[in-house]
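Geometric and topological summary
The lines below spell out each chain.
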Amino acid sequence: MDFKTLDIFCEVIDNYGDIGVVYRIAKEFKKSFDDSLEIRVILNRLDEFIAINKNCEKKEIQNINGITYITKDFLIKNICTFGTSDVIIEAFGCNIPNEYMEIAKEKSKLLINLEYLSAEDWIEDFHLQESPLGLKGLKKYFYMPGFTKKSGGLIVDSLFLKTKETVLQNKGKYLKKYLENFEIDFSDKLIGTVFSYEKNFTPLLESLKKLDKEVILLIMGEKSQQSFVEIFKNISVENFGKTYKYGKIYMKFMDFLNQEEYEEIINAVDFNFVRGEDSFVRALLTGKPFIWHAYLQDELVHMDKVEGFIERQTEYLRENHDIKVIEKQNKLLRDYNFRKENTLEIGLEEYDEFFKNFKELQSMYFDYSEFLISECNLINKIKKFIVKY
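Quick summary incoming for the structure in this document. Only a predicted model underlies this, so the values are computations on that prediction, with no experimental measurement involved.

Parameters and conventions
- Residues numbered from 1 in each chain as written.
- Predicted model: local features only at pLDDT ≥ 70, side-chain atom pairs only at ≥ 80, totals over all residues.
- Heavy atoms only, no water.
- Pairing = 2+ DSSP bridges.
- Helix = DSSP H or I, 4+ residues; strand = E, 2+ residues; numbered from the N terminus.
- Axes fitted to C-alpha atoms, helices over the stretch in contact; angles between N-to-C directions.
- Expected span 1.5 Å × (residues − 1).
- Buried < 20%, exposed > 50% of the residue type's maximum accessible area, 1.4 Å probe, protein only.
- Contact = heavy atoms within 4.5 Å.
- Phe/Tyr/Trp six-rings, centres within 6.5 Å; stacked < 30°, edge-to-face > 60°.
- Lys NZ or Arg CZ within 6 Å of the ring centre and 35° of its normal.
- Polar contact = N/O pair within 3.5 Å; in protein donor to acceptor, adjacent residues only side chain to side chain.

This paragraph deals with the sheet that holds strand β11 (residues 249-253). Within the open sheet, the six strands sit side by side as β10-β11-β9-β8-β12-β13. Their pairing is mixed. Only two strands of the sheet have a single partner each, and these edge strands are β10 (244-246) and β13 (290-293). Averaged over all pairs of adjacent strands, the angle between their axes in this sheet comes to 15 degrees, without regard to strand direction. Of the pairings in the sheet, the one linking strand β8 (residues 190-195) to strand β12 (residues 271-275) comprises three bridges and is parallel in character. Pairing of glycine 192 across the sheet is with phenylalanine 271, part of β12.

Here is the structure:
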């Protein structure tokens, strides 16, 4: 299909994940098509986008690096002027306004319902199935991101891959950039990031104390930082900002990083603790050992997603890697995520094996990242579907 305009709808709910994913997709489409494709991103609110993109302002409409960002209310008020696009991406079931859809039924060609990332078996059968609208012109299809060749894949954007390559070639430079306030030599330290929901990290600290080297933890996000404050109740947030030392562990609360800065730091460190969807995928693509904190859902539904991912990674890794190490890592992922509510009570997880098997985990996740990058590229897959449509 020859298309010249693309609209991406995004409803930001209570975190940065949704807009983070949409922002990546928009940037990658712009890079691929340059000025031949007009891209608009329609958002219900701007605060979270402002936080991850330093160029975004509190404006109803603005152009950032060739992409137009519009608030949903402003679009609807001026729908007769703005019209609709050839291709529409509805991100994560955000419900496109009726005023827009009434025009799209006559003017637009393709509507893609981009679902949340999932590793469950059923998504391969559901991927690219039509959702009947009863219209002759506009057609709607489900797009199911996943971890297999037959699914919609992951967002493997070329900008991230370029950052990854650059950082790996200049690791010391980037570590210095984010650790410049440390009054210690960080070259021989084990360095990791922690970005999580509420979690009692006492067991993690106890495991790190057993290692034969010093460790630096870069702690990101209010929920992660508050989790550490609760452990050291006699220590203020300001102490963590200046770096707090606990035995052989150095801990520092990081200021909020934009998307590009976050990508740099997770590629520069040795391991990452991540949460949600967007940072989970970024961690996978770094090829470094990681722990994923899934978004909590009622009735332990989030554990279905965790189990699905465990099955997918085991299917791929077991052919070339130690199944005992894989199973121990899988147990940690299960135990780390098993919770009926977000809590600061100590969970089931134990971290000793994660660090004991660290070299094998490095090999495993480097291998897995290469597979995902080459065979599960969502951007390439979705572009191919649109162009061939």
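Here the narrative resumes.
In a regular helix each residue adds 1.5 Å, so 18 residues correspond to 26 Å; helix α17 (residues 358-375) covers 26 Å between its end C-alpha atoms and thus fits that length. Inspection of α17 places Phe358, Leu361, Met364, Tyr365, Asp367, Tyr368, Ser369, Phe371, Leu372 and Ile373 among the buried residues, and these make up the whole buried set.

Strand order in the open sheet formed by seven strands is β3-β4-β2-β1-β5-β6-β7, and the pairing between neighbours is mixed. Looking along the sheet, the strands with just one partner apiece sit at the ends: β3 (61-64) and β7 (139-143). Between one strand axis and the next, the sheet turns through 20 degrees on average, direction left out of account. Where strand β5 (residues 87-91) meets strand β6 (residues 110-114), five bridges bridge the pair, whose relative direction is parallel. Bridge pairing in β6 places valine 87 opposite leucine 110. Together, β5, β6 and β7 form the strand contacts of helix α18 (residues 378-388), whose direction differs from that of β6 by roughly 155 degrees.

The next point concerns the packing of aromatic side chains. Under the criterion given, the structure shown has 41 aromatic pairs. With centroids separated by 5.2 Å and ring planes inclined at 55 degrees, the aromatic side chains of phenylalanine 147 and phenylalanine 309 adopt a geometry described as tilted. Taken as a pair, phenylalanine 147 in the loop between β7 and α7 (158-169) and phenylalanine 309 in helix α14 (residues 301-317) lie far apart in primary sequence, 162 residues in all. Here phenylalanine 147 falls in the buried class, since its relative accessible area comes to 5%. Connected via pairs of aromatic rings, a cluster forms that spans Phe147, Phe280, Phe290, Trp292, Phe309, Tyr316, Tyr365, Tyr368 and Phe371. The ring of tyrosine 250 has lysine 245 lying over it, and the distance from NZ or CZ to the ring centre is 5.3 Å. One Lys or Arg, arginine 282, reaches over the ring of phenylalanine 160 and ends 5.0 Å from the middle of that ring.

So, about the side chain of aspartate 278. Position of aspartate 278 relative to the elements: it lies in helix α13 (residues 278-286). Looking at aspartate 278, its side chain comes within polar contact range of the side chain of arginine 24, at 2.8 Å.

Before going further, it helps to spend a moment on the pairing of β8. With respect to burial, β8 is a largely interior element, six of its six residues being buried. Here β8 shows two buried faces, one formed by Leu190, Gly192 and Val194 and the other by Ile191, Thr193 and Phe195.

Take phenylalanine 228: it is sitting in helix α10 (residues 222-231). Residue classification places phenylalanine 228 among the buried residues on the basis of a relative accessible area of 0%. Distance from phenylalanine 228 to phenylalanine 240, taken between C-alpha atoms, is 9.2 Å for residues 12 residues apart in sequence. Here phenylalanine 228 is in contact with Val194, Phe201, Leu205, Leu217, Ile219, Phe240, Met251 and Phe253, once residues within four sequence places are set aside.

This brings us to unusual backbone geometry. With phi around 50 degrees, asparagine 65 is a residue other than glycine that occupies positive phi space. With respect to the helices, strands and loops of the structure, asparagine 65 is situated in the loop between β3 and β4 (67-71). The backbone of phenylalanine 92 sits at a positive phi, close to 60 degrees, despite the residue not being glycine. Its location among the elements puts phenylalanine 92 in the loop between β5 and α5 (98-107).

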